[in-house]
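# Analysis of the macromolecular model
What follows is the residue order along each chain.
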Amino acid sequence: MVKFFKKTAKNLGLPPGTISESTQTTPPAVISLMDYDSKDLQEKEIKNIAGSFPFKDSPKVTWINIEGIDPKAIQKIDEHFGIHPLVSEDIVNGGQRPKLEDFGDYIFIALKMISFNEESNEIIDEQVSLILGSNFVISIQKNSGALFEPIRQRIRENKGRVRTMGADYLAYVLLDTIVDNYYLVIEKRGEEIEGLEEDVILNPCSGIGQELHHLKRDMIYLRRQIWPLREVISGMQRNESKLIKKQTTVYLRDVYDHTIQVIDTIESFRDIISGIHDSYLSGISNKMNEVMKVLTIFAAIFIPLTFMAGIYGMNFEFMPELKWRYGYFIALGLMGAVGVGMLAYFRKKKWI
Amino acid sequence: MVKFFKKTAKNLGLPPGTISESTQTTPPAVISLMDYDSKDLQEKEIKNIAGSFPFKDSPKVTWINIEGIDPKAIQKIDEHFGIHPLVSEDIVNGGQRPKLEDFGDYIFIALKMISFNEESNEIIDEQVSLILGSNFVISIQKNSGALFEPIRQRIRENKGRVRTMGADYLAYVLLDTIVDNYYLVIEKRGEEIEGLEEDVILNPCSGIGQELHHLKRDMIYLRRQIWPLREVISGMQRNESKLIKKQTTVYLRDVYDHTIQVIDTIESFRDIISGIHDSYLSGISNKMNEVMKVLTIFAAIFIPLTFMAGIYGMNFEFMPELKWRYGYFIALGLMGAVGVGMLAYFRKKKWI
Amino acid sequence: MVKFFKKTAKNLGLPPGTISESTQTTPPAVISLMDYDSKDLQEKEIKNIAGSFPFKDSPKVTWINIEGIDPKAIQKIDEHFGIHPLVSEDIVNGGQRPKLEDFGDYIFIALKMISFNEESNEIIDEQVSLILGSNFVISIQKNSGALFEPIRQRIRENKGRVRTMGADYLAYVLLDTIVDNYYLVIEKRGEEIEGLEEDVILNPCSGIGQELHHLKRDMIYLRRQIWPLREVISGMQRNESKLIKKQTTVYLRDVYDHTIQVIDTIESFRDIISGIHDSYLSGISNKMNEVMKVLTIFAAIFIPLTFMAGIYGMNFEFMPELKWRYGYFIALGLMGAVGVGMLAYFRKKKWI
Amino acid sequence: MVKFFKKTAKNLGLPPGTISESTQTTPPAVISLMDYDSKDLQEKEIKNIAGSFPFKDSPKVTWINIEGIDPKAIQKIDEHFGIHPLVSEDIVNGGQRPKLEDFGDYIFIALKMISFNEESNEIIDEQVSLILGSNFVISIQKNSGALFEPIRQRIRENKGRVRTMGADYLAYVLLDTIVDNYYLVIEKRGEEIEGLEEDVILNPCSGIGQELHHLKRDMIYLRRQIWPLREVISGMQRNESKLIKKQTTVYLRDVYDHTIQVIDTIESFRDIISGIHDSYLSGISNKMNEVMKVLTIFAAIFIPLTFMAGIYGMNFEFMPELKWRYGYFIALGLMGAVGVGMLAYFRKKKWI
Amino acid sequence: MVKFFKKTAKNLGLPPGTISESTQTTPPAVISLMDYDSKDLQEKEIKNIAGSFPFKDSPKVTWINIEGIDPKAIQKIDEHFGIHPLVSEDIVNGGQRPKLEDFGDYIFIALKMISFNEESNEIIDEQVSLILGSNFVISIQKNSGALFEPIRQRIRENKGRVRTMGADYLAYVLLDTIVDNYYLVIEKRGEEIEGLEEDVILNPCSGIGQELHHLKRDMIYLRRQIWPLREVISGMQRNESKLIKKQTTVYLRDVYDHTIQVIDTIESFRDIISGIHDSYLSGISNKMNEVMKVLTIFAAIFIPLTFMAGIYGMNFEFMPELKWRYGYFIALGLMGAVGVGMLAYFRKKKWI
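Everything quoted here is computed from the prediction, not taken from an experiment. Sequence positions are assigned chain by chain, starting from 1 and proceeding in written order. A letter from A marks each chain and a number from 1 marks each ligand, given out in the order of writing. Local features are withheld for residues below a pLDDT of 70 in this predicted model, meaning they are given only at 70 or higher, and side-chain atom pairs are given and counted only at 80 or more; totals for whole chains, interfaces and linings count all residues.

## What about the pairing of strand E6 (residues 122-132) of chain D?
Residues and elements named next belong to chain D. Under the convention used in this document: For two strands to count as paired, DSSP must find a minimum of two bridges between them. Only DSSP runs of H or I covering at least 4 residues are called helices, and only runs of E covering at least 2 are called strands; the numbering of each starts at the N terminus.
Two strands pair when backbone bridges link them, and strand E5 (residues 107-117) and E6 are joined in this way by 11 bridges, in the antiparallel orientation. From the neighbouring strand, Phe116 faces E6, where its bridge partner is Ile123. With antiparallel pairing between neighbouring strands as the criterion, E5 and E6 make up a hairpin whose turn holds 4 residues, including Asn121 at a positive phi of roughly 55 degrees. Between the antiparallel neighbours E6 and strand E7 (residues 136-141) lie 3 residues.

## Points about the relation of the copies chain E and chain A
Put simply, the rule is: When the copies are superposed, the least-squares fit draws on C-alpha atoms of residues that have pLDDT of at least 70 in both. Residues are defined as contacting one another if the C-beta atoms placed from their backbone atoms lie within 7 Å.
The two copies are related by a screw motion: chain E maps onto chain A through a turn of 72 degrees and a shift of 0.1 Å along the axis, at an RMSD of 0.1 Å. Taken together, the rotation and translation relating the two chain copies correspond to the operation of a five-fold axis. If distances are taken from each C-alpha of chain E to the rotation axis, the shortest is found for E:Gly313, at 4.8 Å. When you check the interface residues of chain E against chain A, a mere 18% turn up at the interface there too, and the two sides of the contact use different surfaces.

## Thoughts on the interface of chain E and chain A
Spelled out, the test is: Only Asp, Glu, Lys and Arg are considered charged in this grouping, and only Ala, Val, Leu, Ile, Met, Phe, Trp, Tyr, Cys and Pro are considered nonpolar; every other residue, Gly among them, is considered polar.
Facing the 55 residues of chain E at the interface are 50 residues of chain A. At the level of secondary structure, the elements contributing two or more residues to the side of chain E that touches chain A comprise helix H3 (149-157), helix H4 (167-202) and helix H6 (246-311) of chain E. With 33 residues, the top contributor of residues to the side of chain E that touches chain A is H6(E). A class-by-class count of the residues in the side of chain E that touches chain A yields 23 nonpolar, 18 polar and 14 charged.

## Digging into the packing of H4(E) against H6(E)
Residue and element names in this part refer to chain E. To be explicit about the condition: To obtain an axis, a line is fitted to C-alpha atoms, over the contacting stretch when the element is a helix, and the angle between two such axes runs from 0 to 180 degrees between their N-to-C directions. Should an angle fall under 35 degrees it is taken as roughly parallel, and over 145 as roughly antiparallel, whereas 65 to 115 is taken as roughly perpendicular and any remaining angle as oblique. Should the near helix be turned anticlockwise from the far one by less than a right angle, the crossing is left-handed, and should it be turned clockwise, the crossing is right-handed.
Relative orientation of the contacting elements H4 and H6 amounts to 15 degrees, with a least axis distance of 10 Å. The orientation of H4 with respect to H6, classified from their angle, is roughly parallel. For the element pair H4 and H6, the recorded crossing hand is left-handed.

## Section: the domain arrangement of chain A
Quick reminder of the rule: Segment limits for the domains were obtained from an automatic or database-derived domain assignment.
Each domain of chain A was delimited in the assignment, giving domain 1 (30-282) and domain 2 (285-348). On a C-alpha basis, the centroid separation for the pair domain 1 of chain A and domain 2 of chain A is 72 Å.

Right under this line is the structure:
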């Protein structure tokens, strides 16, 4: 199950901007760098973040992608690119609410990459931090860099507009890729919901309750992670910052629309799940009714009959019927008549 | 059932504005063109979209209606009419949230046409894309062009104001027709809801649960499709764009009112459906109560009687009552008395 | 039951502003006219709407009240008073959401008159259309003109301020009368709700469910009809139109307060009804508990006893107890003891 | 129970501002007057409202407190102090929604005094009307003037700031006293809610449902009466009126905070009550489960045993077991074994 | 359980700003003082608040931390630092809603410190009052000063930025520490919720209801205490006051983000708890279904069998079957067949 609350490496009482180095013994970060304009492209894997510093002032667009949270590397970026210590703290600690912070020279964006673990059927999320400067984009995430591979390919092959536009467009492309990925997760859950809808109508067994709860939980979770992104992107659109050019705004509007659509779908799913829950509850009640009816029909037919049999099982010395020639058959007949009468009564009541 | 989530032909990792040509092997689009002013009217079916280009700069109002999503045709329109590639992508991919995008020279409107499949009793939706330029309207949808036939008729017969006014008024007429069509779907569902209301009060059988769920789902769906239209139309009304003339605003206010009314009705229906669900639940509970009462009455009357019969069925050697002359009849009398007593008790409790 | 959705005489595909004449074979409208200032009063019934035209430019306030929707008459008013065709369409079609439209020279107000059919215990609504010009008010409704009689009386007898003030004050008086009438309907339903509250606590029988549903429905309905009126009146108050004088604003604030109070009451009623529903559901469950307890007590006492009697009804040849002198009485005593024990147990459990 | 809807003395069709004199045969109002500044204080009971008129233009602060709604007296105040007739109507009719109306020369405030009838455990409300002029405050209520006694005492003893500040501060003091009184009512209900919380967990008997409903109703009621006060006081704070001095604003902010806190508490109580209701419902269901289990255990143990006894009670001529020497004891043993087996089964299922 | 409503020491009828001295016989407050700039640090415990007055005008930052609510000391601060009496009242009375009040020369902030009593598993809250002047911060709380110890340590060791920045930064650090502490409480409750989620799915026993109610209550409580903090901090950020420097705003944005995150988590927890409640309810219903099925299966199998045994236990003289050689075994066979048939029936119905 997705954890709603990460065990915070929250360093109570430490000064803000402090990065707790000791606790994080992560493998060294993998840093890949692309420096391009419409004509040239330089791409390299660098081991030490310092290798990227010469590109800072290159007139081309520089994309530094860091995979793995290495506090030291981030601190160096801080110093060299003039990033505020609170930003570094947010990057290292992770678990941020999606947000946009405009520091004038650069914009810091934190958001969630959400993917799907096919095996455990669980949602996985990971913070992606973006720093957008005038001619560079730094993207930092913990694990899954594979998502950005198609973008790298597009840059290499000079497909689409990306090589001809600035760093802000690159930031847009990264955002767009992340948001597009939400669709996959949502679609997956959508299929499960549709399966559940059919189940609940045909056979509301008790296992559905558990599955419903998980889906509900996932929707609460996704909503919480994606909802604030709306503000982030509309914040970028409205931004008067010189970092985001007017012609990129159209594209941001497009990601914005996609985000809204994802949110809309999540809201619809919540409504549908709540509808399924209602159907589930009434399904259980209906089933109980069914069970009760069976019990009542059996009891109401046989209890009177047993009573009649009990009467003629009494040992009174003087019971005239017992001596009748056809007493037994008359009794059987009577019982049959009572039984048929009860059946008729229940059929009239539409229980059978 | 309406799908909430179209299997997206979402091309993850492709540059924005890319139209995936290969997957769509649609039949060629049917293109009909009307070019009119208050005096003249020219109408023709054209096979190739290029046939419409000469009309682009005609001073008359040109309405190009395209039935069928042909990526190539749309790409050509793009180039010739100067439409942004993201717009083409939205048109081809479909599944957009209703939206309005003002690009200065033209306005792009995406909305849903919602109709009703009488046979399967299902709601069908389809994206209609409108591009409103200074003197042309391009309308694109996948299938159902029949809806616009009455408008064509009005233009041909010069009925109403349409021939005397501009392209913005034509766009309004298209919007109005689409919104009016919502009423039909809503009315249909409204009748079902009323039927269900009567059912649930008279006989809350278990089939109702399923129907209720479908109605609830449809309302969630309609709400999601129509709600954003409010913003779209009010956006047009407020628009400072030179493309929408002041005198058309009155008409837009009218469509806006209709949209609000449709939304209002959907909201009311949601409330009523939720009320029906409550009645349904309490109906089930009441029925269960009924069943339980029958069971309890039978059990409470006959179980004690059977016990009494059981007593006199015991084989003790010394049981004085067995030898009494009228023992049997006294026993029967006693049993009768107990039975009548129980009945009286239940009648006092108002169970019978 | 109130219909939420009038079978619309919606003329799909017809140009806007079209009034469908043929379908409406209404009796001719009754037109009454009052022309007054603080000194003079002229009152007359006119047969043809044309009779009112001379008063259009009279410096006095002219009130034209039309009872009955006669499309032709309304079309003539259109032409003579310069009313927009969309307004006429709204008047004739009815079923409008309460709204205010300012056309500069005149203001169009559509709202609902809501009254109460004592016989069928049903809410009746009817659209009232008001057109407020600089020195005239045209009021149009289908049936119930009786509501305005007291106003006519006040004008005739020159009671209150009405004769000394302008057309805007007359419009206010009409609004005020309509809103005051809402109170009657609300009060009626309020009494029913209070009755239901007592019922549900004393005896939650199944008939309550149906009544609850009707009340809930009525509240949804009233809310939908009255809620938009808030905007209408606050729109009039804020209005910069020269048609509404500053001194009338105080009075509009008063109607506004009344409207808010009606809406508040409806919201409270909705909350209370939902509370009653909750009590009803728990009442049913409590009742079921009661029934179950009776059943369980009977079963738990007599089933073991019957078993004991069954044992001594067995026909084994060697059953020593059967031969005992007091076997029978010992058995009876044992049974009595078990029965009393069970009763004590249930009393301890507080079931009895 | 608090009535949500006062039987309105609404005079349908009467001109606005009309005070229906005949229906109100109230005892004459008790009028007390205080005229003070930081040095002098004049206090007197006056019989006729006219006695207060000379103080109207005194430079000192004049507080006229009227206990009892005497339409004639109010009409005289109207004329002498230049109050709008609609205000008098609001004062006499009562039942207003809390509101603030700024007439330039004076501000009219209507709000609810809410107190508690210890005997009937019911909430009582009463309208208090305040008219704040430049140097006078008129306060009008129907009965309970005792609430203001401590204020009078403070003025007499020149405690706190009241004597040194203006009429606006006096109005604040009156408001503050009324709002403080809300706390008492809320506290009372809060205690009941806490009692109920414990009850519902320990023993969800059916009486709780009724109490819950009453509490829910009271909260709906209080919310409706107090919620609009928020706007009233924030309206006073924001007021650009010359009647409210800047230095009083700090104090108004304080009452505002108190009002918000009362509203917050009411909202929390609503949430808690709804939580209690949920617990109550699940408590009932749990209890039913308990009852069902007892029934099922008894039935499942004894019904098979009775069947076994029934078998050996059959009268077949050839039943070998009946002739066995220990047949009876074997049968008893078997029955015991079955009984113990069933008990073990239910224990495994954790029903016992 | 957390009390929602403190028994207010509300002094009805007393002038505002009155501090009720007599009721509070608190131990004398512990006052610690720090006076620092980037170079020097003076720290001392002072017994009398007067000891802090000389530092008021020191150019360094002065932090006066008062532990214990001593009305006299607070009154002295009032006089010396020129604090408004209403502020002192708020400090002494406690129980304030989190709020920010800007008095120009100083800003008053009231908020809640929330901690966790491990023993009783209960949430404890306490008001912290902050007064931020141009170069001093006064912090007042009743008990727990230990929370601020790490900050003192940071100042002593000159760690982080605190020594180099002004009084506004110190206020931020205090706020940050308090908000960080919320995380601990939330995390604790989060773990309980996760535990409950597992319980409710595996075994919805009745104890869960109580725990759920407590969690729900805690969430209502936390929400109420923390929600208004949002406005407080965003109020500080937006503040045009000269007391808060621009460079501190970045840090305030950080606390703001944390507050939002806490609120988000509380909202998610509310949603999840409500989901758990739903699962709990359906779990109870499922369990009841289970119980009912067991009962019905037993009853439906054995009641007919007992009836059959009853028939052959009748004492009619002429019952041919009784004389058959294999009558008994045929009867047993029949009974077995019926029993097996019933079992097959229930298996087909998937009850077994």
